[in-house]
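# Structure at a glance
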Amino acid sequence: MKTILELRQKRDRLKAVLQTLDENASFETECGRTYAQWLAKVVMVELQIEESEKKKAAQ
C-alpha cells in the first residue's frame, strides 16, 4: 500500500489538473465529464489518505 506521503503527493497532482479544467462545464460536454472523472479520483485518494491515517493512529 502506498504511504501517506505518496498519496498526498498524488492528491496534489490531481488537484493541480483539476484547476486547469472548467468546473462550471456541463456534464453533457466532454470537459464536464472529464472534470467529474478527475474529481472522483481526488476523492478516492482522499479516502485512501483517511484510511491510512486511521490505521496509523490505531497502532
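These numbers were taken from a predicted model, which means no experiment stands behind them. (Residues numbered from 1 in each chain as written. Predicted model: local features only at pLDDT ≥ 70, side-chain atom pairs only at ≥ 80, totals over all residues. Heavy atoms only, no water.)

Because each turn of an α-helix spans 3.6 residues, side chains separated by three or four positions end up pointing in the same direction. With 29 residues, helix α2 (residues 30-58) ought to run about 42 Å at 1.5 Å a step, and its terminal C-alpha atoms sit 42 Å apart, in line with that. Within α2, burial applies to Gly32, Thr34, Tyr35, Val42, Val45, Ile49 and Ser52. (Helix = DSSP H or I, 4+ residues; strand = E, 2+ residues; numbered from the N terminus. Expected span 1.5 Å × (residues − 1). Buried < 20%, exposed > 50% of the residue type's maximum accessible area, 1.4 Å probe, protein only.)

A few words on the pattern of salt bridges. For the structure on display, the rule yields 6 salt bridges. Here arginine 11 ties to glutamate 46 by a salt bridge, and the two come within 3.5 Å at their closest N and O atoms. Taken as a pair, arginine 11 in helix α1 (residues 4-20) and glutamate 46 in helix α2 lie far apart in primary sequence, 35 residues in all. As a salt-bridge pair, glutamate 30 and arginine 33 come within 3.3 Å of each other at their nearest N and O atoms. Taken as a pair, glutamate 30 and arginine 33 lie in helix α2 at a separation of 3 residues, close to a single helical turn. With a relative accessible area of 39%, arginine 33 lands in the partly exposed category. Here the residues in one salt-bridge network are Arg11, Asp12, Lys15 and Glu46, joined through shared partners. (Salt bridge = Lys/Arg side-chain N within 4 Å of Asp/Glu carboxyl O.)

Structurally, glutamine 59 is set in the segment after α2. Remark: the alpha-carbon pair of glutamine 59 and arginine 8, spanning 51 residues in sequence, is separated by 21 Å.

Let us look at a nonpolar patch on the surface. Among the surface-exposed residues, Leu39, Val43, Met44 and Leu47 lie close enough to one another that they form a single nonpolar patch of about 340 Å² accessible area. In this structure, valine 43 sits in helix α2. Take valine 43: its relative accessible area is 42%, and that puts it in the partly exposed class. (Patch = residues over 30% accessible without salt bridge, like charges linked within 9 Å, V, L, I, M, F, W, Y side chains within 5 Å. Areas by Shrake-Rupley, 256 points an atom, 1.4 Å probe, with all protein chains shown as cover.)

Let us look at the packing of α1 against α2. Put simply, α1 and α2 touch, their axes get as near as 9 Å, and they point 160° apart. Classified by the angle between their axes, α1 and α2 sit roughly antiparallel to one another. Considering the relative orientation of α1 and α2, their crossing is left-handed. On the side of α1, the interface is formed by Ile4, Leu7, Arg8, Lys10, Arg11, Leu14, Lys15, Val17 and Leu18, while α2 contributes Tyr35, Trp38, Leu39, Lys41, Val42, Val45, Glu46, Gln48, Ile49, Ser52, Glu53 and Lys56. Classifying every residue of the contact of α1 with α2 gives 11 nonpolar, 2 polar and 8 charged. (Axes fitted to C-alpha atoms, helices over the stretch in contact; angles between N-to-C directions. Parallel < 35°, antiparallel > 145°, perpendicular 65-115°, else oblique. Left-handed = near helix turned anticlockwise from the far one by under 90°. Contact = heavy atoms within 4.5 Å. Nonpolar A, V, L, I, M, F, W, Y, C, P; charged D, E, K, R; others polar.)

In short, shape yes, function no, at least from these values alone.
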